[in-house]
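Here is how the chains run, residue by residue.
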Amino acid sequence: MSVRLFSLLLAVASAPVAQAAEDPLPPWLQARVREHTAYFAAPPPPSSATEGTAGVSALWRERPAGSAGVPNFVPPTSLAPLIRAVEAGVVNITTVGPGALPGAVKRSTGSGFVLTPDGLVVTNNHVVANAQGPVVNPSGSGVTPDKGGPREVPLQQVSVRLADGREFPAEVVGRDASTDVALLRLSGAGLGTLPAVYLGDSDVLEVGDWVVAIGNPFGLDHSVAHGMISAKERVLGVGQFDDFIQTDALINPGNSGGPLFNMRGEVIGVNTAIISEGQGIGFAVPINLVKDLLPNLRENGKLERGWLGVVINEDGEDSTTTAPVVKDVYRGSPAAAANIRPGDRLVAVNGRPIGSYLQLLRKVALLAPGTEAKLTLLREGGTQEVAVRLVARPAQEATEGLTNRGGSTANDLGLVLRDLTPEVAAPLGYEAFLGALVSGVVPRGPAEQSGLRAGDVITEVNRRRVKDAAGVKAALERGSAGASILLRVQRGDALQYIAIAR
């Protein structure tokens, strides 16, 4: 069509036209001929970004016939091979727990996936939270009449059914409501060769990546839905661990706890929530967050939060999008032991980049106390890696004492003290001003290592009677530097001496 138009314009422009001086059409035609001649004589553009045939007057682009289309994109034709490879590791979970009325039973269903061949299974906390309470009978009446009268019989609380039909009883190893993740362990014969899934890397996900959700919506076993990643790091207002993957793969009641697979057949999220008013809006817990949490659940049964001991500067304009900057370091904290300083910029935890205070909080808090973490920091233009052994998060009073923001402290011993006023003493069953109440103990400090703990009352320091926190501090100041300190401590009804080495 373009060639025909060019030929027609050329012919018309070459023909003699009467009254050319009065008629403006020939100059216009000649201008169009020059434009088209220049366009067709021009070489093809060198960059694939401008590849294609231009439309009239270059208003749009069209790909030439036989073009490969978007570089590095292969449109999927069928997801059947992927689904066949991964569906065996997806399980149906049925829980039984007490109902709203006495003797009533509440049943619920959800999904999960096999984590290890020997029978560890991951699901949502809210799927198994109901499976706790008194034993009931299988008929659901709460009691079974017989000649001996009513009795209670045990009922399996959690059962897990595999795609091949095998069913196993399960117990809850650990669960955490703040992340909505639970870890189960199967029992029975046939464990050791279960079809465990592979876990992927949720940090490398991009909006637009194809995903597949498999689960048991409304009890329909192993239903498959596909879609894509709609957004990342969604905050739903659930808590400080809000970091959800949003997907338009259909997620319905019963999908909870099931896996969200990428196109490599790897689990990159745990389906957990939907917006009831919307369609095609579902959310999954990122699998990297789950990876950090699972050792904690296996060892402690719940989320025991690790503590680093830094104060982050959140006053900067870009504080939510740049690596967090250390404003202060708690004395005696893991950060202080690792020589982390104010002004350091923390850029990664265990090799995973962090770009905000909330990301740092999530990654550290999900690690169990005692875990050794590797921190990458920027200092004076250089990059350093430090190893930090996390400890349990201390009580609020202890952290306040460590930064001199409140309370009466004995910092060199790692103690936070409080006066035993009548208001404080009465609930504890102590006499007022019997001594100084230990309201906090700094992790790994001399006091903790000597056996002191929150709730103790110090009545003597180096054989000198004390009645309040000021008396303890004064007695400590009179002691010789470097000398051991002997404390007399009331713990409940017992009195004991505790020696602390400075």
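The name an unreviewed UniProt entry gives the protein is PDZ domain-containing protein, with Corallococcus praedator as the organism.

### A word on the overall build of the protein
In terms of helices and strands, the protein carries 11 helices and 30 strands. The long-range fraction of contacts in the protein, counting pairs at least 24 apart against all pairs at least 6 apart in sequence, stands at 56%. Just so you have it, the protein exposes about 26400 Å², and 54% of that area is on carbon and sulfur atoms.

### Description of the nonpolar core
Judged by nonpolar contacts, the single largest core of 27 residues is most densely connected at Phe 113, Val 122 and Phe 261. Secondary structure elements with two or more residues in this core: helix H3 (80-86), strand E5 (120-123), strand E8 (181-186), strand E10 (210-215), strand E14 (266-274), strand E15 (282-286) and helix H5 (287-300). The leading source of residues in this core is H5, at six residues.

### Some details on the pairing of strand E19 (residues 345-349)
The side chains of a regular strand alternate between the sheet's two faces. Bridge count for E19 against strand E21 (residues 372-379) is four bridges, and the pairing is antiparallel. Looking at E21, one finds that Ala 348 is bridged to Thr 376. In this structure, E19 lies alongside strand E20 (residues 352-353), joined through two bridges in antiparallel fashion. Paired with Val 349 across the strands is Arg 352, a residue of E20. From the end of E19 to the start of E20, which pair antiparallel, there are two residues, and Asn 350 there has a positive phi angle of about 55°.

### What about the sheet that holds strand E4 (residues 105-114)?
On the basis of which strands lie adjacent, the closed barrel formed by six strands has the order E3-E4-E5-E8-E7-E6 and antiparallel pairing. Going from strand to strand, the sheet's axes swing by 40° on average, the running direction of each strand aside. Summarising the sheet, strand E7 (residues 167-176) and E8 pair through six bridges and their orientation is antiparallel. Its bridge partner being in E8, Glu 171 is matched across the sheet by Arg 185.

### Let's talk about helix H7 (residues 357-365)
The element H7 is largely enclosed, with a buried count of seven among its nine residues. Residues of H7 that are buried: Gln 359, Leu 360, Leu 361, Arg 362, Lys 363, Val 364 and Ala 365. Buried residues along H7 sit in contact with strand E11 (223-234), strand E16 (306-307), strand E17 (310-313), E19 and E20.

### Brief notes about the environment of Thr 94
By secondary structure assignment, the location of Thr 94 is in strand E3 (residues 90-98). When the C-alpha atoms of Thr 94 and Val 158 are compared, they prove to be 5.8 Å apart, with 64 residues separating the residues in sequence. Residues within four places of Thr 94 in sequence aside, it is in contact with Ser 108, Thr 109, Gln 157, Val 158 and Ser 159.

### Things to note about a nonpolar patch on the surface
On the surface, Val 70, Phe 73, Trp 210, Met 228 and Met 263 cluster together into a nonpolar patch covering about 450 Å² of accessible area. Looking at where Met 228 falls in the secondary structure, it is placed in strand E11. Residue classification places Met 228 among the partly exposed positions, given a relative accessible area of 35%.

### Quick look at the pattern of salt bridges
For side chains of opposite charge, pairing can occur when their charged atoms come near one another. Under the criterion given, the structure shown has 10 salt bridges. Taking the shortest distance from any N to any O, the salt bridge between Arg 264 and Glu 266 comes out at 3.2 Å. Using a relative accessible area of 15% as the deciding quantity, one classes Glu 266 as buried. With its nearest N and O atoms 2.7 Å apart, the salt bridge here joins Arg 491 to Asp 456. Linking Arg 491 in strand E29 (residues 485-491) with Asp 456 in the loop between helix H10 (446-449) and strand E27 (457-461), this pair joins segments that are 35 residues apart in sequence. What makes Asp 456 buried here is its relative accessible area of 1%.

### Some words on the environment of Ile 287
Among the structural elements, Ile 287 can be located in helix H5. As for Ile 287 and Ile 268, which are separated by 19 residues in sequence, their C-alpha atoms are 4.9 Å apart.

### Details of H5
For H5, built from 14 residues, the straight-helix expectation of 20 Å at 1.5 Å per residue is met to within 8% by its first-to-last C-alpha distance of 20 Å. If you look at H5, its biggest bend is around 35°, right at Leu 293, and the proline Pro 295 turns up within four residues after that. Taken as a whole, H5 has its buried residues at Ile 287, Asn 288, Leu 289, Val 290, Asp 292, Leu 293, Leu 294, Asn 296 and Leu 297. Positive phi shows up at Gly 301, right after H5, with a value of about 80°.

What counts and what doesn't
Residues numbered from 1 in each chain as written. Predicted model: local features only at pLDDT ≥ 70, side-chain atom pairs only at ≥ 80, totals over all residues. Heavy atoms only, no water. Helix = DSSP H or I, 4+ residues; strand = E, 2+ residues; numbered from the N terminus. Contact = heavy atoms within 4.5 Å. Areas by Shrake-Rupley, 256 points an atom, 1.4 Å probe, with all protein chains shown as cover. Core = buried A, V, L, I, M, F, W, Y, C linked by side-chain atoms within 4.5 Å. Buried < 20%, exposed > 50% of the residue type's maximum accessible area, 1.4 Å probe, protein only. Pairing = 2+ DSSP bridges. Axes fitted to C-alpha atoms, helices over the stretch in contact; angles between N-to-C directions. Patch = residues over 30% accessible without salt bridge, like charges linked within 9 Å, V, L, I, M, F, W, Y side chains within 5 Å. Salt bridge = Lys/Arg side-chain N within 4 Å of Asp/Glu carboxyl O. Expected span 1.5 Å × (residues − 1). Bend = angle between axes of the 7 residues up to and from the residue.

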